2 protein chains.
Amino acid sequence: MDLIQLGQRAKQASFALATTTTATKNTALAVMADELEKQSKTILEANAIDIQAARDAGMSEALLDRLLLNEDRLKAIANDVRNVITLNDPIGSELDSRVLENGLSLSRRRVPLGVVGVIYEARPNVTIDIASLCLKTGNASILRGGRETFHSNMALVKVIQTALEQTGLPIASVQYIEKPDRELVSQLLKLDEYVDMIIPRGGAGLHKMCKENSTIPVIIGGFGISHVFVDESADIERSVAVVENSKVQRPSACNSLDTLLVHKAVAETFLSKLAASLKDKVEFVAHDSALPYLTHASKVRAAVEGDFDTEWLAFVLGVKVVDDVEGAIQHMRDHNASHSDAIMTNDLNNAERFINTAGSAAVYVNASTRFTDGAQFGLGAEVAVSTQKLHARGPMGLEELTSYKWVGKGNYLPRP
Amino acid sequence: MDLIQLGQRAKQASFALATTTTATKNTALAVMADELEKQSKTILEANAIDIQAARDAGMSEALLDRLLLNEDRLKAIANDVRNVITLNDPIGSELDSRVLENGLSLSRRRVPLGVVGVIYEARPNVTIDIASLCLKTGNASILRGGRETFHSNMALVKVIQTALEQTGLPIASVQYIEKPDRELVSQLLKLDEYVDMIIPRGGAGLHKMCKENSTIPVIIGGFGISHVFVDESADIERSVAVVENSKVQRPSACNSLDTLLVHKAVAETFLSKLAASLKDKVEFVAHDSALPYLTHASKVRAAVEGDFDTEWLAFVLGVKVVDDVEGAIQHMRDHNASHSDAIMTNDLNNAERFINTAGSAAVYVNASTRFTDGAQFGLGAEVAVSTQKLHARGPMGLEELTSYKWVGKGNYLPRP
């Protein structure tokens, strides 16, 4: 089957999904969760093939762990699907209803986007994640996973399609691009006649490729340099705790801290305490301005060109001393802050200044950058974390997988 | 000045605009309105040069009329700017404020998009329109008007920049790409480092070019086939009035009716009354199914391939008889209905069916397609009419020129 057929089938399925009741969509999700558990043997066997191949190819233990499925993880994935059942279905709800002076009753009604294309890397849980969130919001999806997860994904897609079939929904509601050709990704990005949104879930390279080649709107996100600025008036002890949380809780996450900016007036006090606290855990990459205060840190090196444009995703922390909040903002602008940034301060003006001028999707005052997350934000689910400004910004939940249409009602009403 | 410099200057200006108070933005708009009237002589002289050149080049009277400025029109444009002053500034307002279980106070705060690029055709009022709406929402704008309006636009941009200067706002808040090279448009579309949104205001060709070449999100819209379906249960007399309004009030508008679909059970009654009512005003382009009922119309021809994919923008109306609401929906899907569509019916099920399955940005029950308009919708202003599903759909007002950022506040709060 070529990609145009795939697109046409997805579009047709999306017409059916758009008017499927919440009850039916939830039934399909319940069957999907049950089948994930029932068919665990088949799924784990398929995953074992991927794991073996990846091990043979020399994949690192960390990446192998991302790829690995086991009974517990499968159970957790099934429960994530059950959690999606409990979430409110946004489709059909109306916003901003009003009766206009011209006599028209007008509102905006939430509708599915239509067809969502998702290109992702080696994590098999994403397959179920995206499929269930798209299904709940009445969107058809076209999935394209990483080569390394091929067998796992094939087994998971079979479970999904079994659930669709058992519930009487079109199988093409969730389709998977099976062939490995990279050319197919380029083709997918041009299917604007059938696909309404592209979500790349992967590194900056994948996003760049999508942005440059897609004729379909792309959700850019999931990466970016995160900053914490410790202002002169900050509570030092407690700021150390927040900075530590931002950096070490899970360094591989996109919301973990990359660059620490410290007001010159507190640089000495703050950095000595921080160095003492983080000790052997973190390597400091220090700007000239910060180096003098980090002499006692066990792992420290001088920053070089590009360090402050690096998303570390590791136990590494860039550090720079700045004159004030303006200096912090200027640094953040120079290094394209767009994801999650925080200020530690007790000064109301500086807090507001930081909130209003930081170019980030999420801005914090006296809180960890690690909060940027659909679950933490209470969205119940997360499709992606957008760092762009159109459509959705920050963690995207179910509502961000919808569009709206204007609904106008009259009594045979011509425009005046 | 090359385009990268233009982009950099716009970005810098956008930083200042993002924190400019509503009062200052309104002052700039007031000065702009006053200057438009004060400098009317200079503007009209510049416009006269454009008009003369266009006339010499053989431009049609209709297009010349679109290009023409006079005292009255300039006064109207100035008053449109004064109207923008009265609109609510959306920037800074907060949505969905809540305190989460994890202790974080979270809200979404409306912020400007940043820099908006607008590419438009030969209507000088668009220059002032876009500049004032972008300014009100704290966005910097980069404008690129049609070659035919060059002198008029230069005079108008000078007025805008005078107003910016007098108010102490950066002149680069509104910039105009002066050189005629088409290559510059392609360059603008790649300036994703500095520009956040592209709004093309022109025909399908311009939109296609932007969609295919832009690495910046593009707002597609402003054109599309509009349909009215007259159901079996419709009030015939009153439906004739609404169809007539949809078609003849302003055929050059993108929300005017292109294709009329009539339920077979009322085809004879309805079409004979419509033909009698529209008589010499409209040419009917009839599908085989409708031809027998239109024999008495004075201007009628048989439809050929492509007619139902044509946005007429003229006193021409495609007509087809269908079996029922499903037949109407199928026709609309086959012909990419995406703008404004209406059903005339007294049947509640058919009304809901039509609302939920029509792929249009605006769907009407017993009302004219002509309502799709920012002013009619009470938005106070209209930047564009989007037919895409991401970010904004249908008429876009001030809010649609904004993004939001998540603002989280804690008391030195680490993520649990």
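Note that residues are indexed from 1 along each chain, following the sequence as it is written. Both sets of labels track the order of writing: A upward for chains, 1 upward for ligands. Totals for whole chains, interfaces and linings use every residue, but because this is a predicted model, local features are given only for residues with pLDDT of at least 70 and side-chain atom pairs only at 80 or more, for both listing and counting. Each side-chain value is worked out from all heavy atoms of the structure, with water and hydrogens disregarded.

S.K.: Whenever I open this one, the domain arrangement of chain A confuses me. Can you help?
M.R.: Reports of interface size often rely on the accessible area that becomes lost once the parts have come together. All names here are of chain A. Domain limits in this description derive from either an automatic procedure or a database domain assignment. Per the domain assignment, the segments making up chain A are domain 1 (3-220 + 390-409) and domain 2 (227-377). On a C-alpha basis, the centroid separation for the pair domain 1 and domain 2 is 35 Å. Contacts between the two partners involve four residues from domain 1 and, on the opposite side, eight residues from domain 2. Around 370 Å² of area is buried between domain 1 and domain 2 when both sides are counted, 62% of it from carbon and sulfur atoms. Whenever Lys or Arg places a side-chain nitrogen within 4 Å of a carboxyl oxygen from Asp or Glu, that contact is recorded as a salt bridge. Viewed at the interface, domain 2 and domain 1 are joined by zero salt bridges. Under the rule applied, a polar contact is a pair of N or O atoms within 3.5 Å (in protein, one hydrogen donor and one hydrogen acceptor; residues adjacent in sequence only if both atoms are side-chain atoms). Linking domain 1 with domain 2 are two residue pairs in polar contact (both at pLDDT 80 or more), by the criterion used here. When checking whether two residues touch, look at their non-hydrogen atoms; a contact exists if any pair is within 4.5 Å. Here the quantity called buried area is the accessible surface, traced with a 1.4 Å probe, that two parts lose on coming together, added over both.

S.K.: Help me out: how do you make sense of the packing of helix α3 (residues 40-56) of chain B against helix α7 (residues 150-166) of chain B in this one?
M.R.: Helices that pack against each other are described as a pair by the angle of their axes relative to one another and the distance between those axes. All names here are of chain B. Only the stretch in contact is used when a helix axis is fitted, and all axes are lines through C-alpha atoms; the angle between N-to-C directions ranges over 0 to 180 degrees. The numbering of helices and of strands both runs from the N terminus, where a helix is a DSSP run of H or I of at least 4 residues and a strand a run of E of at least 2. One way to put it is that α3 packs onto α7 with a least axis distance of 6 Å and a crossing angle of 160°. Taken together, the axis directions place α3 and α7 in an arrangement best described as roughly antiparallel. Residues Ile43, Ala46, Asn47, Ile49 and Asp50 of α3 pack against Phe150, His151, Ser152, Ala155, Leu156 and Val159 of α7. For the contact of α3 with α7, the residue count by class is seven nonpolar, three polar and one charged. What sets the label is the angle itself: under 35 degrees gives roughly parallel, over 145 gives roughly antiparallel, 65 to 115 gives roughly perpendicular, and the rest give oblique. In this count, Pro and Cys sit with the nonpolar residues alongside Ala, Val, Leu, Ile, Met, Phe, Trp and Tyr, while Asp, Glu, Lys and Arg are called charged and the others, Gly among them, polar.

S.K.: I'm lost on the UniProt feature "domain: Aldehyde dehydrogenase" (unreviewed entry) in chain A in this one. Help?
M.R.: UniProt positions are given in the numbering used here, feature names are shortened, and annotations may be inferred rather than shown by experiment. In the numbering used here, UniProt assigns the "domain: Aldehyde dehydrogenase" (unreviewed entry) feature to residues 8-279 of chain A. Along residues 8-279 of chain A one finds 51% helix and 15% strand; the C-alpha atoms at either end are 57 Å apart.

S.K.: Would you mind showing me how to read the interface of chain A and chain B here?
M.R.: Residue-level contacts link 76 residues of chain A with 76 residues of chain B. In total, chain A and chain B occlude about 6,600 Å² of area from one another, counting both sides; carbon and sulfur atoms represent 51% of this. Per-residue buried area on chain A facing chain B is highest for Trp406, Tyr412 and Arg415 of chain A; these three make up 15% of the total on that side. Along the contact surface separating chain A from chain B lie eight salt bridges. The residue lysine 409 of chain A makes a salt bridge to glutamate 352 of chain B at a minimum N-O spacing of 3.8 Å. Counting every contact that joins chain A to chain B gives 54 residue pairs in polar contact (both at pLDDT 80 or more). For the side of chain A that touches chain B, the elements supplying multiple residues, two or more each, are α1 (3-18), β2 (105-112), α9 (204-213), α10 (236-248), α13 (348-357), β13 (362-367), β15 (394-396) and β16 (402-413) of chain A. No other element matches β16 of chain A, which puts eleven residues into the side of chain A that touches chain B. Two strands make a pair as long as DSSP finds a minimum of two bridges between them. Relative to strand β13 (residues 362-367) of chain B, β16 of chain A is paired through five bridges, and the arrangement is parallel. Bridging from a neighbouring strand, glycine 408 of chain A pairs with tyrosine 364 of chain B of β13 of chain B.

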